[in-house]
Amino acid sequence: MTERHHFDVVIIGGGIIGCSIAYHLTRMGRPDVAILEKSGLTHGATWHAAGLVGQLRSSRNVTRMLQRSVALYDTLEAETGQAIDWKKVGSLRLASSPDRVLENKRLATMAKSFGLDMHTLSADEACRLFPLMSGEGVLGAIYLPSDGHIDPASVAQALAKGARQKGARIFQNMRVTGVRTDGRRVVEIIAGETSFTCDVVVNAAGMWARELGLMSGVRVPALALEHQYLVTLPIPDMPANMPTLRDPDLLVYYKPEVRGLAVGGYEPDTIPFGEGGIAPEFGQQLLPSNFDRFEPLAKLAARRTPILETVGVRQLVNGPIPYSADADFIMGKAPELDNYFVASGFLYGIAAGGGAGQMMAEWIVEGRPSLDLWPLDVRRFSFHHNTRAFMYPRAVELYGHHYKMNYPAQEHASARDLRLGPLHRRLKSLGAVHGSRAGWERPLWFAPKGVTPRDEPSFGRPNWFDHVGAEHRAVRERVALIDQTSFSKFEVAGPGALAALQRLAAADLAKPIGRVTYTQLCNEQGGIEADLTIARLAEHRFYIVTGSAFGPHDRHWIERHLPEDGSAILTDMTSAYAVINLCGPSARLVLEQVVEEDVGNAAFPYATCRRITIGAAPVLAVRIGYVGELGWELHVPGEFALHVYDTLRRAGLAHGIAEVGYRAIDTLRMEKGYLYWSSDITPDYNPFEAGLDGRVALGKEAFIGREALLRIKTEGPSRKLCTFTLERFAMVQGGEAIMRAGKVLGVATSGNFGHTIGKPILYGYLPAEEAGHRDFEIEAYGEVFPATSHDGPLYDPLMKRLKA
């Protein structure tokens, strides 16, 4: 090597994200930062981005992150002296169909609950803000004044300048050609004849992030797709200060330029870029314009802005844009290595740039961002997400649906049937309508004979509503079978297993063999990092069950805290066992007919596990559940699963046994007061706020988060998770505004309909001083509903049925 350098942090990629991370690191007291850019700053996708800056997203914390971008852009030019052409002119989103009006109303309610000042407008009011548009067919609009647009290259250069001013160094024309690791750390980055060593490496390589990650064994499901927008010639008497405009019913967006318009959109079946790899020399280049592919969007745009019929086109820009396997950002610490961070897949990187850089800097410096960003966390992905067979078909589908109607509980059609449990074919023959979670095909609901097994989502009652209600009642009144094979399942074994898990778990796990413990794994601040069950199978052997989509996240959290001496080893058992949930008041009557052991309440009490024999199969039976009824989760070796299922089903026919899917699980768990990690409980919330006080064993030896939880218990939590019911029907799903006397107090974390109590149910956090009230209002789809707050579960609060 002819040249060697060492930096505290090396960021690979000089687009807006890499520059923003460097900017924020220098302002957090970490100036020893280098950016390695293979060509020139902004030369990947940043320079040709459209530059729209919108803030509202379906996640409150992602919205907050984007708000931080706006706050930074408000001051960045004055701070750095670099012009960024930030136009805070607001954004309009039109609605031209009744369903789109409902979607806009939902977005306006979410904005209210997130603290954004959004306005609902008539078509005429929208036309006054954007005089070039035709109001024909427009039923209404929503307007967010604090949105706007910015020059992408200029803002990235301003962030780079701000980073340099505080000590960061930027190496352009410095292409990374190799990454050397030692154990679980990157120890050297090689760029031709130049060597870089560092304490932390950040992969902010945009559309090259996947290939860069593979150099060191890190899986980053990032890719690129072609995206086009046209720029018009000057428009005579161009109105000044128009907002950006999105017309999702016509699939197009508009950004005002100095004397014209930029018009883009999201057509179906866009073209992937670089499926076989992106040439390293590609930089500050565009792709050939494809007027034929853009023509349908142009015709739609001309309906909304007729001036496009007469004004000429200056340029049709066709550039590759970053994307990810699920169309959201990829951020955080990679699970494969201890000093490797990822910030990639930014479809709307200009809007996110300022805030995402701050979050990443916090992740690096403080070990976690100040906002829980699970929807963006790199650990949300499973193996299949980073395969070409999945990534590209799914990304193309998601791109084409960017402006399509976003109904609740909508499933994707591409890249399906990847992970099939042993019961899949049998359940499909029984009418199962499957959805996909972590690549698993899971039964959502069952269509009775004569009913087409197909989802028809809606903002009102979807076509499965009554059928899910029937499944719900079968669990409450009779007995049911639920395929829960997709659970993530692990074993932790070894002489150090108990001590390691005791340090992780808030609950006390020093219990007899055969006991099952529901517990939270907390971070140092007391926030809930995982929510799972742990069964003690032997003195030094434990079995952990968590949610289908949370396996990579929870595995990483557990493994990073296991002892380095190998005295406790984690093994992934997910694919080894099918899981059949037998539940309902008649569950024991069914099980007794086919089992060789005593499963009476005295012999097999609640929160225990035993090995039993069902038919000819060995089964680990765990007496616990998520629906609030007597039942067992039956963990069956995969080859025996169909035999066990059919045996139980035959035995249950006389008891009215029913097939039940995941949509009923959600309605059942909400009646019972059971919480869902990633919405009701997250690292932002602690067990005392969530009403899980009884799960915290402060009296046991030290565990992660104990000191913080002890302080919270002493001082009292500042907020409390509450349960609400509505007195009138609304199709709630979470994101609704919780109010009292017209004041927004919180946002619903979950929502569904309770078919036993006959009312919509919501969960949400309130300030502790407000939690004692009973009468509230819930705003859903722009309508305000009277709501009542309740203490404890709405169903079986004494757990008599569960422990029967």
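A brief structural summary.

Calculation criteria
- Residues numbered from 1 in each chain as written.
- Predicted model: local features only at pLDDT ≥ 70, side-chain atom pairs only at ≥ 80, totals over all residues.
- Heavy atoms only, no water.
- Helix = DSSP H or I, 4+ residues; strand = E, 2+ residues; numbered from the N terminus.
- Rg over C-alpha atoms; globule rule 2.2 N^0.38 Å.
- Buried < 20%, exposed > 50% of the residue type's maximum accessible area, 1.4 Å probe, protein only.
- Pairing = 2+ DSSP bridges.
- Axes fitted to C-alpha atoms, helices over the stretch in contact; angles between N-to-C directions.
- Parallel < 35°, antiparallel > 145°, perpendicular 65-115°, else oblique.
- Left-handed = near helix turned anticlockwise from the far one by under 90°.
- Contact = heavy atoms within 4.5 Å.
- Nonpolar A, V, L, I, M, F, W, Y, C, P; charged D, E, K, R; others polar.
- Salt bridge = Lys/Arg side-chain N within 4 Å of Asp/Glu carboxyl O.
- Polar contact = N/O pair within 3.5 Å; in protein donor to acceptor, adjacent residues only side chain to side chain.
- Core = buried A, V, L, I, M, F, W, Y, C linked by side-chain atoms within 4.5 Å.
- Phe/Tyr/Trp six-rings, centres within 6.5 Å; stacked < 30°, edge-to-face > 60°.
- Lys NZ or Arg CZ within 6 Å of the ring centre and 35° of its normal.
- Disulfide = S-S within 2.5 Å.
- Arc of directions from axis to C-beta.

## Things to note about the overall build of the protein
Okay, so step 1: Check the secondary structure of the protein and you find 17 helices and 38 strands.
Okay, so step 2: For 804 residues, the compact-globule estimate of 2.2 N^0.38 gives 28 Å, and the protein sits close to it at 27 Å.
Okay, so step 3: For the C-alpha atoms alone, the extent of the protein along its principal axes is close to 85 × 65 × 50 Å.
Okay, so step 4: A total of 804 residues make up the protein; the buried ones form 62% of that total.

## Things to note about the sheet that holds strand S26 (residues 541-546)
Hydrogen bonding along the main chain pairs the strands of a sheet, whether they run parallel or antiparallel.
Okay, so step 1: With antiparallel pairing, the five strands of this open sheet are ordered in space as S24-S25-S26-S23-S27. Whereas interior strands pair on both sides, the edge strands pair on one side only; in this sheet they are strand S24 (516-522) and strand S27 (569-572). When strand polarity is set aside, the average angle formed by the axes of neighbouring strands in this sheet is 30°.

## Let's talk about helix H16 (residues 662-672)
Okay, so step 1: Taken across its eleven residues, H16 has ten buried, putting it largely inside the fold.
Okay, so step 2: Within H16, the full set of buried residues consists of Tyr662, Arg663, Ala664, Ile665, Thr667, Leu668, Arg669, Met670, Glu671 and Lys672.
Okay, so step 3: Looking one or two residues beyond H16, the residue adopting positive phi is Gly673, at roughly 85°.

## Here we look at the packing of helix H1 (residues 16-27) against helix H5 (residues 152-165)
Okay, so step 1: Running from N to C, H1 and H5 cross one another at 30°; their axes reach a closest spacing of 8 Å. By the angle class used here, H1 and H5 are roughly parallel. The element H1 and its partner H5 pack so that their crossing is left-handed. On H5, the residues that touch Ile16, Cys19, Ser20, Ala22, Tyr23, Thr26 and Arg27 of H1 are Val155, Ala156, Leu159, Ala160, Gly162, Ala163 and Gln165.
Okay, so step 2: Of the residues contributing to the contact of H1 with H5, the split by class is nine nonpolar, four polar and one charged.

## Comments concerning unusual backbone geometry
Okay, so step 1: Positive phi, close to 45°, is recorded for Gln284, a residue that is not glycine.
Okay, so step 2: In this structure, Gln284 sits in the loop between strand S16 (272-273) and helix H7 (291-304).
Okay, so step 3: In this model, Ala741 sits at a positive phi of 55°, which is unusual for a non-glycine residue.
Okay, so step 4: Within the secondary structure, Ala741 is located in the loop between strand S34 (737-740) and strand S35 (743-754).
Okay, so step 5: Looking at Ala741, the relative accessible area reads 74%, which means it is exposed.

## Considerations on the pattern of salt bridges
Okay, so step 1: Applying the stated criterion across every chain yields a total of 41 salt bridges.
Okay, so step 2: Here Arg27 and Glu79 are joined by a salt bridge, their closest N and O atoms 2.7 Å apart. With Arg27 in helix H1 and Glu79 in helix H2 (residues 60-80), this residue pair connects regions lying 52 residues apart in the sequence.
Okay, so step 3: Between Glu257 and Lys255 there is a salt bridge whose closest N-O contact spans 3.4 Å.
Okay, so step 4: Assessed through its relative accessible area of 8%, Lys255 is described here as buried.

## A look at the environment of Lys38
Okay, so step 1: Relative to the assigned elements, Lys38 resides in the loop between strand S2 (33-36) and strand S3 (52-53).
Okay, so step 2: Sequence separation between Lys38 and Val176 is 138 residues; the distance between their C-alpha atoms is 7.0 Å.
Okay, so step 3: Setting aside anything within four residues of it in sequence, one finds Lys38 in contact with Asn173, Met174, Arg175, Trp208, Pro280, Glu281, Phe282 and Gly283.
Okay, so step 4: In terms of polar contacts, Lys38 uses its side chain to reach the backbone carbonyl oxygen of Pro280, at 2.8 Å.
Okay, so step 5: A distance of 2.5 Å separates the side chain of Lys38 from the backbone oxygen of Phe282, its partner in a polar contact.

## So, the sheet that holds strand S36 (residues 759-767)
Okay, so step 1: Around the barrel, which closes on itself, the six strands sit in the order S33-S36-S35-S34-S37-S38 with antiparallel pairing between neighbours. With direction set aside, neighbouring strand axes in the sheet form an average angle of 40°.
Okay, so step 2: Relative to S35, helix H3 (residues 98-114) is tilted by about 130°, and along the sheet it contacts S34, S35 and strand S37 (775-780).

## Description of the pairing of strand S14 (residues 252-256)
Okay, so step 1: Summarising burial for S14: five of the five residues are buried, a large majority.
Okay, so step 2: Burial along S14 is two-sided: Val252, Tyr254 and Pro256 facing one way and Tyr253 and Lys255 facing the other are all buried.
Okay, so step 3: Sheet topology note: the strand S13 (residues 244-247)/S14 ladder contains three bridges and is antiparallel. Bridge pairing in S14 links Leu245 to Tyr254.
Okay, so step 4: Where S13 hands over to S14, the hairpin turn is made up of four residues, of which Leu251 adopts a positive phi near 70°.
Okay, so step 5: One ladder, built from five bridges, connects S14 with strand S15 (residues 261-265); its direction is antiparallel. Its bridge partner lying in S15, Pro256 is registered against Leu261.

## Considering the nonpolar core
Okay, so step 1: Of all hydrophobic cores here, the largest spans 141 residues; its most connected members are Ile11, Met65, Ile189, Tyr323 and Met331.
Okay, so step 2: With nine residues, helix H8 (residues 349-366) is the largest single contributor of residues to this core.
Okay, so step 3: Excluding residues that lie within four positions of it along the chain, Ile189 makes contacts with Val10, Ile12, Leu36, Val176, Gly178, Thr194, Ser195, Phe196, Cys198 and Val201.
Okay, so step 4: If you look at the next biggest cluster of nonpolar residues, it comprises 31 residues, including Ile614, Leu634, Leu648 and Ile657.

## Thoughts on the packing of helix H14 (residues 587-594) against helix H15 (residues 641-652)
Okay, so step 1: Running from N to C, H14 and H15 point in directions that differ by 120°, and their axes come no closer than 9 Å. It follows from the interaxial angle that H14 and H15 lie oblique. Crossing geometry of H14 relative to H15 is assigned as right-handed. Seen from H14, the contacting residues are Val590, Leu591, Gln593 and Val594; seen from H15, they are Thr647, Leu648, Ala651 and Gly652.
Okay, so step 2: In terms of residue class, the contact of H14 with H15 is made up of five nonpolar, three polar and no charged.

## Side note on the packing of aromatic side chains
Okay, so step 1: Scanning all chains against the criterion turns up 26 aromatic pairs.
Okay, so step 2: Between Trp374 and Phe550, the ring centres sit 5.8 Å apart and the planes meet at 70°, which makes this aromatic pair edge-to-face. Pair noted here: Trp374 is in the loop between H8 and helix H9 (388-400) and Phe550 is in the loop between S26 and helix H13 (551-559), with a separation of 176 residues, a long-range link.
Okay, so step 3: Look at Trp374 and you get buried, because its relative accessible area is 10%.
Okay, so step 4: Here a set of aromatic residues connected by ring pairs shows up, and it is made of Tyr253, Tyr266, Tyr323, Tyr399 and Tyr403.
Okay, so step 5: For Arg442, the ring lying beneath its charged end belongs to Tyr662, and the centroid distance is 3.6 Å.
Okay, so step 6: Lying over the aromatic face of Phe729, Arg461 brings its terminal NZ or CZ to 4.0 Å of the ring centre.

## Side note on the state of the cysteines
Okay, so step 1: By the definition in use, this model includes zero disulfides.
Okay, so step 2: Here Cys722 stays unpaired: no disulfide links it, and the sulfur of Cys522, its closest cysteine neighbor, is 20 Å away.
Okay, so step 3: Here Cys722 falls in the buried class, since its relative accessible area comes to 4%.

## Side note on H14
Okay, so step 1: Of the residues making up H14, those classed as buried are Ala587, Arg588, Val590, Leu591 and Val594. The arc that holds every buried residue of H14, seen down its axis, measures 160°, which confines them to one face.
Okay, so step 2: Lining the buried residues of H14 we find strand S28 (577-583), strand S29 (609-614), strand S31 (631-637) and H15.

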